[in-house]
Amino acid sequence: ALVKLGAVVLGAFAVAWAPIICTGQLVQSARRLFPFGRGLTHAYWAPNVWALYNTADRVLAKLGFGEQLGASSTAGFAEVYESSAL
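The structure displayed is predicted, hence computed values, not measured ones.

How should I be thinking about the overall build of the protein in this particular structure?
What the protein contains, in helices and strands, is three helices and zero strands. A buried classification covers 15% of the 86 residues belonging to the protein. Put simply, of all contacts in the protein between residues at least 6 apart along the chain, 35% involve residues at least 24 apart.

Right under this line is the structure:
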C-alpha cells in the first residue's frame, strides 16, 4: 500500500513538472518558488523562518557583528534586501 501511494505521488509530481523541465524552465520556476533576492518575508512557504532570520540579522547588526543598513527588510513589496550580519 505504501509503495503504491509513493508511486502515485511520484507520478503526479513527474506529470506536473515534466513540461517545465522539458521546456528548460526549471531554474525560472525555482527562482519564483524560492525568491531569495527579494526576501522570503514576501514568499508563501517560509515567512516565519525568514522573519526569525531577519530578526537575528538585525540583533547581530546592533551588537556590532555587521553593518547596520538603513533599509528595512519589510519596506517594500518587492524590494531587494541585503542582510547585515548573516
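Where do I start with helix α1 (residues 2–22) in this structure?
At 3.6 residues per turn, the α-helix brings residues three or four places apart onto the same side. Under the 1.5 Å per step criterion, the end-to-end length of α1 is 29 Å for 21 residues, consistent within 8% with the ideal 30 Å. Taking the largest bend as the criterion, α1 deviates by roughly 35 degrees, centred on Ala16, and proline Pro19 comes between one and four positions later. Within α1, only zero of the 21 residues are buried, leaving the element largely exposed. The first or second residue beyond α1 is Gly24, which carries a positive phi of 75 degrees.

Please explain the packing of α1 against helix α2 (residues 26–33) as it appears in this structure.
Any two packed helices are characterised by how steeply their axes cross, that is the angle between the axes, and by the distance between the axes. Running from N to C, α1 and α2 point in directions that differ by 120 degrees, and their axes come no closer than 7 Å. Looking at the two axes, α1 sits oblique to α2. Here Trp17, Ile20 and Ile21 of α1 come into contact with α2, specifically with Leu26, Ser29 and Leu33. A class-by-class count of the residues in the contact of α1 with α2 yields five nonpolar, one polar and no charged.

Mind showing me how you'd approach the packing of aromatic side chains here?
Think of a pair of aromatic rings as described by two things: how far the centres are apart, and how the planes are tilted against each other in angle. For the coordinates displayed, the defined rule picks out one aromatic pair. Taking 6.1 Å as the distance between ring centres and 40 degrees as the angle between the ring planes, the aromatic pair formed by Phe13 and Trp17 counts as tilted. Of this pair, Phe13 and Trp17 both sit in helix α1, four residues apart, which is roughly one turn of the helix.

It is not clear to me how the side chain of Ser29 should be interpreted in this structure. Could you clarify?
One can find Ser29 in helix α2. Those residues in contact with Ser29, other than ones at most four positions away along the chain, are Trp17 and Ile20.

Any chance you could explain the environment of Trp50 here in plain terms?
Its location among the elements puts Trp50 in helix α3 (residues 47–62). The spatial distance from the C-alpha of Trp50 to the C-alpha of Phe36 is 9.8 Å, given a sequence separation of 14 residues.

Explain a nonpolar patch on the surface here, please?
On the surface, a cluster of nonpolar side chains totalling about 330 Å² of accessible area is made up of Leu2, Leu5 and Val9. Secondary-structure assignment places Leu5 in helix α1.

Whenever I open this one, the confidence of the model for the protein confuses me. Can you help?
A low pLDDT means the predicted coordinates there should not be read in detail. For the protein, per-residue confidence averages 77 on the pLDDT scale, and 63% of positions sit at 70 or higher. When mean pLDDT is compared element by element in the protein, α1 scores highest at 95, while α3 scores lowest at 79.

Reading guide: rules and limits
Residues numbered from 1 in each chain as written. Predicted model: local features only at pLDDT ≥ 70, side-chain atom pairs only at ≥ 80, totals over all residues. Heavy atoms only, no water. Helix = DSSP H or I, 4+ residues; strand = E, 2+ residues; numbered from the N terminus. Buried < 20%, exposed > 50% of the residue type's maximum accessible area, 1.4 Å probe, protein only. Contact = heavy atoms within 4.5 Å. Expected span 1.5 Å × (residues − 1). Bend = angle between axes of the 7 residues up to and from the residue. Axes fitted to C-alpha atoms, helices over the stretch in contact; angles between N-to-C directions. Parallel < 35°, antiparallel > 145°, perpendicular 65-115°, else oblique. Nonpolar A, V, L, I, M, F, W, Y, C, P; charged D, E, K, R; others polar. Phe/Tyr/Trp six-rings, centres within 6.5 Å; stacked < 30°, edge-to-face > 60°. Patch = residues over 30% accessible without salt bridge, like charges linked within 9 Å, V, L, I, M, F, W, Y side chains within 5 Å. Areas by Shrake-Rupley, 256 points an atom, 1.4 Å probe, with all protein chains shown as cover. Salt bridge = Lys/Arg side-chain N within 4 Å of Asp/Glu carboxyl O. pLDDT = per-residue confidence, 0-100.

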